[in-house]
Amino acid sequence: MAAPSAPLLRSHPHRRALFPSSPRYRPAAASLLGLPPRKLGSPRRLLHTAVRSSSTASPSAPVEEAAAAAASTGDAEVQERVVLPTNESSDLLLRIRHTCAHVMAMAVQKLFPNSKVTIGPWIDNGFYYDFDMEPLTDKDLKKIKKEMDRIIRRNLPLVREEVSREEAQKRIEALNEPYKLEILESIKEEPITIYHIGEEWWDLCAGPHVESTGKIDRKAVELESVAGAYWRGDEKNQMLQRIYGTAWENEDQLKAYIHFKEEAKRRDHRRLGQDLDLFSIQEDAGGGLVFWHPKGAIIRHILEDSWKQIHLQYGYDLLYTPHVAKADLWRISGHIDFYKENMYNQMDVEDEMYQLRPMNCPYHILVYKRKLHSYRDFPIRVAELGTVYRYELSGSLHGLFRVRGFTQDDAHIFCLEDQIQDEIRGVLDLTEQILGQFGFRYYEINLSTRPEKSVGSDDIWEKATVALKNALDDKGWEYKVDEGGGAFYGPKIDLKIEDALGRKWQCSTVQVDFNLPARFDITYVDSNSEKKRPIMIHRAILGSLERFFGVLIEHYAGDFPLWLAPTQARILPVTDNELQYCNEVAAELKSRGFRVEVCHGERLPKLIRNAETQKVPLMAVVGPKEVQARTLTIRSRHNGEIGAMHVDEFITRLQLAVANKSSL
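Note that this is a predicted model, so its numbers are computed, not measured.

A. Spotlight on the pairing of strand 13 (residues 239-247). Of all 9 residues in strand 13, 8 are buried; the element is thus mostly enclosed. Of the strand pairs in this sheet, strand 8 (residues 126-132) and strand 13 are connected by 5 bridges, and their pairing is antiparallel. Looking across to strand 13, one finds that tyrosine 129 is bridged to isoleucine 243. Bridging between strand 12 (residues 221-230) and strand 13 involves 9 bridges; their strand directions are antiparallel. Its bridge partner lying in strand 13, serine 225 is registered against tyrosine 244.

B. Expanded view of the packing of helix 4 (residues 165-175) against helix 5 (residues 178-186). It is the contact of helix 4 with helix 5, at a shortest axis distance of 9 Å, that shows an interaxial angle of 165 degrees. With respect to helix 5, the axis of helix 4 lies roughly antiparallel. When you trace helix 4 past helix 5, the crossing you get is left-handed. Residues Arg165, Ala168, Gln169, Ile172 and Glu173 of helix 4 form the contact with helix 5, whose participating residues are Lys180, Leu181 and Leu184.

C. Structural detail: the sheet that holds strand 32 (residues 631-636). Strands sit in the order 30-29-31-32-33 across an open sheet of 5 strands; the sheet is mixed. This sheet does not close on itself; its edge strands, each paired only once, are strand 30 (596-598) and strand 33 (640-646). Averaged over neighbouring strand pairs, the angle between their axes works out to 25 degrees when direction is ignored. The strands touched by helix 17 (residues 604-613) are strand 29 (569-573), strand 31 (618-622) and strand 32; relative to strand 29, the strand with the most contacts, the crossing angle is about 170 degrees. Across the sheet, helix 19 (residues 647-660) lies against strand 29, strand 31, strand 32 and strand 33, angled at about 125 degrees from strand 33, the strand it touches most.

D. Highlighting the packing of aromatic side chains. A full pass over the atoms with the stated rule returns 20 aromatic pairs. For the ring pair phenylalanine 438 and tryptophan 563, a centre distance of 5.6 Å and an interplane angle of 40 degrees mean the geometry is tilted. Highlighted residues: phenylalanine 438 in the loop between helix 12 (420-436) and strand 22 (443-448) and tryptophan 563 in the loop between helix 15 (545-556) and strand 29, separated in sequence by 125 residues. Summarising the burial analysis for this pair, phenylalanine 438 and tryptophan 563 share the class buried. The interplanar angle of 70 degrees and the centroid separation of 5.6 Å between the aromatic rings of tryptophan 461 and phenylalanine 514 together place this pair among those described as edge-to-face. Placement of tryptophan 461 in helix 13 (residues 458-475) and of phenylalanine 514 in the loop between strand 25 (504-513) and helix 14 (516-519) is noted, with a sequence separation of 53 residues between them. Taken individually, tryptophan 461 and phenylalanine 514 each receive the classification buried, so the pair is uniform in this respect. Linked through ring pairs, Trp292, Phe549, Tyr556 and Phe560 together constitute an aromatic cluster.

Calculation rules
Residues numbered from 1 in each chain as written. Predicted model: local features only at pLDDT ≥ 70, side-chain atom pairs only at ≥ 80, totals over all residues. Heavy atoms only, no water. Buried < 20%, exposed > 50% of the residue type's maximum accessible area, 1.4 Å probe, protein only. Helix = DSSP H or I, 4+ residues; strand = E, 2+ residues; numbered from the N terminus. Pairing = 2+ DSSP bridges. Axes fitted to C-alpha atoms, helices over the stretch in contact; angles between N-to-C directions. Parallel < 35°, antiparallel > 145°, perpendicular 65-115°, else oblique. Left-handed = near helix turned anticlockwise from the far one by under 90°. Contact = heavy atoms within 4.5 Å. Phe/Tyr/Trp six-rings, centres within 6.5 Å; stacked < 30°, edge-to-face > 60°.

If you want it as structure tokens, here you go:
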């Protein structure tokens with residue numbers, strides 16, 4: 001049996017709790033439900049729990065606001081938590097999923113005798129198996145599932161057998177299974193192990209499995225989809241039919257997982273991006289190239305402006321550098337040797353070859369090299385929102401998550417050896433401040449150490465690794481050590497943020513680099529007037545604006561908080577008689593920097609519904625009474641009717657809410 005493939009969804013090393021399947025349920029913030037607090041970065045068993053509430057909070061409200069609304073009504077009822085195990089936390093689950101792959105293959109070959117089997121590993125949320133056969137339909141999946149149920153009900157034993165390589169080859173040839181012959185050739189260990197389901201079907205496999213098919217809860221198994229997949233992942237090979245399935249220990253877990261999938265689908269940034277008119281990818285321009293629409297562009301502007309302000313406060317200097325450079329620059333950096341497959345073809349400019357940049361690092365080094373530096377100059381911190389271009393196959397492109405042109409929140413720190421720890425700690429503090437703005441509080445952190453192949457002396461690797469560890473310890477963050485998982489040029493810290501559904505997203509990274517300073521021969525003059533080489537630290541916090549925006553869309557379900565919403569308030573006149581006053585109020589609010597718009601021409605209930613559909617945080621309703629009293633009647637998307645208030649009071653409360661990044 002081949003090793004498991006890459007996961008469909010990023011998993012947590014501990015159990016993951018999901019809310020029940022009713023659409024009336026929402027995940028709630030742990031702190032509001034009396035769960036114990038924990039340090040940032042520390043693991044936890046319960047990522048979400050569920051509450052039922054009759055509050056006016058929108059079902060699509062952000063997690064914190066939904067929980068707060070439920071708590072404020074006093075009628076929140078904590079429901080039984082459905083805790084989903086992972087393959088790492090439950091040996092039984094892993095055995096169930098591995099066995100389900102075999103059961104499915106047996107069912108397929110019973111229904112489609114001419115099908116040929118290949119590999120069938122377990123994955124993070126279930127299993128899959130690849131078959132060489134005619135294309136399958138959803139109707140075929142239902143038939144396969146029914147046959148799997150029959151096999152499960154028969155409670156057939158799973159029997160392990162050891163055979164010689166020659167015997168295994170003989171049996172495979174007798175079944176005319178050419179793909180299994182290839183797999184057999186790739187197995188180096190002996191004896192060869194085979195697993196039988198009863199006396200009717202067998203497969204090359206190392207295990208593990210449950211004792212019999214009856215150990216599987218057939219109501220906890222579901223076939224999810226079918227897709228095309230090339231044998232061995234090579235497009236030159238045969239196209240196979242890959243059937244994906246999910247399996248759990250019991251039916252309740254399956255229901256929770258199905259609801260998780262439905263919620264993830266509801267939050268899909270590609271659909272929400274279209275529904276809310278945030279961005280698009282225009283095929284006329286080419287795949288993987290993002291068009292930021294006005295509403296998405298204003299959110300990007302807020303992100304960039306906040307990013308720049310915080311970096312200036314932390315002592316960074318801002319840079320803007322070119323999108324192209326002479327190809328020789330990328331030769332010196334090593335990208336052409338080690339990264340060429342991710343770079344676009346070079347362009348000829350007056351008989352010199354130029355290259356679209358895949359990274360910003362060499363540019364920042366050139367800025368450093370423009371003059372001689374003294375040890376007194378350090379640390380030197382430079383930051384840029386730099387757009388880069390990387391070649392991606394069209395089949396790998398995925399909304400904002402995998403694109404061909406994107407903007408990195410890139411920064412580099414040049415420092416002395418004894419400054420590494422303080423600088424890393426500063427980056428961690430900055431990371432916490434920036435990510436905290438968006439409600440990200442729970443992190444998974446990995447510290448990756450020296451791999452077998454690397455550059456730099458043992459002494460500097462030790463100093464850098466200890467500095468990274470000390471910075472994390474000083475911060476009080478728990479982390480896992482990935483021994484040998486560092487880059488060849490230095491150790492690193494990788495940080496994954498956890499979204500509202502408990503999914504992990506790799507965004508932030510801090511990397512110490514001993515390679516580029518040597519390649520570009522950058523130096524400084526020390527206190528003894530001798531030339532020394534500085535330490536270079538690469539760091540990104542958001543990762544890329546495009547990908548981070550996609551994460552935000554799904555984290556908030558498109559329901560952006562007041563400070564970040566593209567339209568913060570809509571002013572809604574009851575009739576056109578109030579339109580002039582509405583326009584005057586809108587002009588006043590815009591002059592104070594608020595993002596407002598006046599919508600009219602429809603009946604008020606429809607104007608309110610439209611604002612709800614577009615997830616506008618606030619609505620200001622204006623009728624004859626409001627015009628006469630020079631007031632607004634405010635309705636919050638999450639908190640319901642707030643009531644009438646004068647424009648000046650509304651402005652004051654808006655300013656306070658935006659400054660505190662809270663709701664009105």
